[in-house]
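Listed below, chain by chain, are the residues.
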Amino acid sequence: MSKEGKLNKINLSVIRDMKSRNEKIAMITAYDYPTAKIVDEAGVDIILVGDSLGMVVLGYDSTLPVTMEDMIHHTKAAVRGTERAMVIVDMPFMSYQVSCEEALQNAGRLMKESGAHGVKLEGGREIADTIRKIVAAGIPVMAHLGLTPQSVHQLGGYKVQGKKEPEAKRMMEDAAIVQEAGAFLLILECVPVKLAFEITASLDIPTVGIGAGVGCDGQVLVLHDMLGFYDRFVPKFVKKYAALSDNVRSAVNQYVKEVKESTFPDDAHSFR
Ligand code: KIV
């Protein structure tokens, strides 16, 4: 809290302090100006412009078709709505897998053109050199393990990861590797509670879970899922804090009815 009673701006050192003080990190996705403004004012610490926007905003079946242009377009709007939170942008599928050089160029482009404060990449040991290169250029990197949606076809669906011992061991190792490569935070998606707890305890950097239990250093949810605004597929770990689809549908129903009946606009909404 500042002297004026305002919440301090979030940056890397605030995030590090939060882990050392055992203060939970609240993170949420947002993809445009109004929602970023609302979640920022509501006190989230990190806004993720996730490539989940491909599904919940653009209507694709997966995150794979999302482009650099999509991410830049949405992140620019989210940044304009944000005053306090740290804004992180997802690197879309195939923008960082081909080579470290191409990944660095794309990470730089995302930072320059969108105004984000850092980037997120999915994967472990296979992208460690890429993380190193991006961090060395001064760009904060968030890592992402467990269910990594860009690999949905390789994983055979949106399933819990790390249930078997060899998988769990590999995830523990990957967590240490991405930390060593310079990631400042690790997302754990769809991971058993015990494994997420063990990974969290083994790292100096914070973990933020989505379907990974309460033992992580923070939590993240997709905004459209938790507001009940996207109901095509709702994972078990999503808690619905609102029922926006129902509210919007009934508001628009009412509007259509009033237009048809000529009861809107009334005197109060007309000029004399
Ligand atoms: O794209 C996204 O929104 C994400 C979160 C689910 C962590 O990666």
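Residues numbered from 1 in each chain as written. Predicted model: local features only at pLDDT ≥ 70, side-chain atom pairs only at ≥ 80, totals over all residues. Heavy atoms only, no water.

Draft legend 1. Structural detail: the overall build of the protein. Each helix and strand counted, the protein has 11 helices and eight strands in total. Taking 2.2 N^0.38 as the reference for a compact globule, 272 residues should give roughly 19 Å; the C-alpha atoms of the protein span a radius of gyration of 20 Å, in line with that estimate. Considering the protein as a whole, with its 272 residues, one finds that 47% of them fall into the buried category. Counted over contacts in the protein with a minimum sequence separation of 6, partners at least 24 positions apart contribute 58%. Entry remark: accessible area of the protein is about 14,000 Å², with carbon and sulfur atoms responsible for 56%. (Helix = DSSP H or I, 4+ residues; strand = E, 2+ residues; numbered from the N terminus. Rg over C-alpha atoms; globule rule 2.2 N^0.38 Å. Buried < 20%, exposed > 50% of the residue type's maximum accessible area, 1.4 Å probe, protein only. Contact = heavy atoms within 4.5 Å. Areas by Shrake-Rupley, 256 points an atom, 1.4 Å probe, with all protein chains shown as cover.)

Draft legend 2. Expanded view of the sheet that holds strand β5 (residues 141–146). Ordered by their spatial adjacency, eight strands build a closed barrel running β1-β2-β3-β4-β5-β6-β7-β8, and the pairing between neighbours is parallel. On average, adjacent strands in this sheet sit at an angle of 25° to one another, irrespective of strand direction. On top of the sheet, helix α5 (residues 100–114) reaches β3 (86–90) and β4 (118–122); it is set at about 140° to β4, its chief contact. (Pairing = 2+ DSSP bridges. Axes fitted to C-alpha atoms, helices over the stretch in contact; angles between N-to-C directions.)

Draft legend 3. Expanded view of the domain arrangement of the protein. Taken as a whole, the protein is organised into domain 1 (12–241) and domain 2 (244–272). Placing a centre on the C-alpha atoms of domain 1 and another on those of domain 2 gives a separation of 39 Å. (Domains from an automatic or database assignment.)

Draft legend 4. Focus on the site of the ligand. If you check the shell around the ligand, you find Thr29, Leu48, Gly50, Asp51, Ser52, Asp90, Lys120, His144, Glu189, Ile210 and Val222 and nothing else. Between the ligand and serine 52 there is a distance of 2.5 Å, counted from an oxygen atom to a side-chain nitrogen or oxygen. Aspartate 90 is positioned with one of its side-chain polar atoms (N or O) 3.1 Å from an oxygen atom of the ligand. Contact with the protein chains hides 96% of the accessible area of the ligand, taken as 260 Å² for the molecule alone. Split by residue class, the shell around the ligand holds three nonpolar, four polar and four charged. (Near = heavy atom within 4 Å. Polar contact = N/O pair within 3.5 Å; in protein donor to acceptor, adjacent residues only side chain to side chain. Nonpolar A, V, L, I, M, F, W, Y, C, P; charged D, E, K, R; others polar.)

Draft legend 5. The state of the cysteines, seen in detail. Applying the stated criterion to the full structure yields zero disulfides. The cysteine cysteine 190 is free of any disulfide, with cysteine 216 supplying the nearest cysteine sulfur at 12 Å. Judged by relative accessible area, cysteine 190 falls into the buried class, the value being 9%. (Disulfide = S-S within 2.5 Å.)

Draft legend 6. Quick peek at the side chain of threonine 75. Mapping threonine 75 onto the fold places it in helix α4 (residues 68–80). Setting aside residues up to four positions removed in sequence, threonine 75 forms contacts with Val49, Val87, Val89, Ser114 and Ala116.

Draft legend 7. Structural context of the side chain of histidine 144. Here histidine 144 shows up in strand β5. A distance of 3.3 Å separates the side chain of histidine 144 from the backbone oxygen of leucine 147, its partner in a polar contact. Here histidine 144 is in contact with Lys120, Leu121, Glu122, Gly123, Pro149, Leu186, Ile187 and Glu189, once residues within four sequence places are set aside.

Draft legend 8. Summary view of the packing of aromatic side chains. Tallying each qualifying case throughout the model produces two aromatic pairs. Consider the rings of tyrosine 255 and phenylalanine 264, whose centres lie 6.0 Å apart with planes at 65°: the pair is edge-to-face. (Phe/Tyr/Trp six-rings, centres within 6.5 Å; stacked < 30°, edge-to-face > 60°.)

Draft legend 9. Geometry of the pairing of strand β2 (residues 46–49). Side chains Ile46 and Leu48 project from β2 onto one buried face, and the interleaved Ile47 and Val49 project onto a second face that is buried too. Summarising the sheet, strand β1 (residues 25–29) and β2 pair through three bridges and their orientation is parallel. Bridge pairing in β2 links methionine 27 to isoleucine 46. Between β1 and its parallel partner β2, the chain crosses via helix α2 (residues 33–41), and the hand of that crossover is right-handed. Sheet topology places β2 next to β3; four bridges connect them, and they run parallel. (Right-handed = clockwise from strand over helix to strand, strands pointing away.)

Draft legend 10. Main features of the pattern of salt bridges. Summed over all chains, the structure comprises 18 salt bridges. Notably, a salt bridge pairs lysine 257 with glutamate 261, separated by 3.4 Å at the nearest N-O pair. Counted as one network, the salt bridges with shared partners bring together Arg125, Lys169, Glu173 and Asp174. (Salt bridge = Lys/Arg side-chain N within 4 Å of Asp/Glu carboxyl O.)

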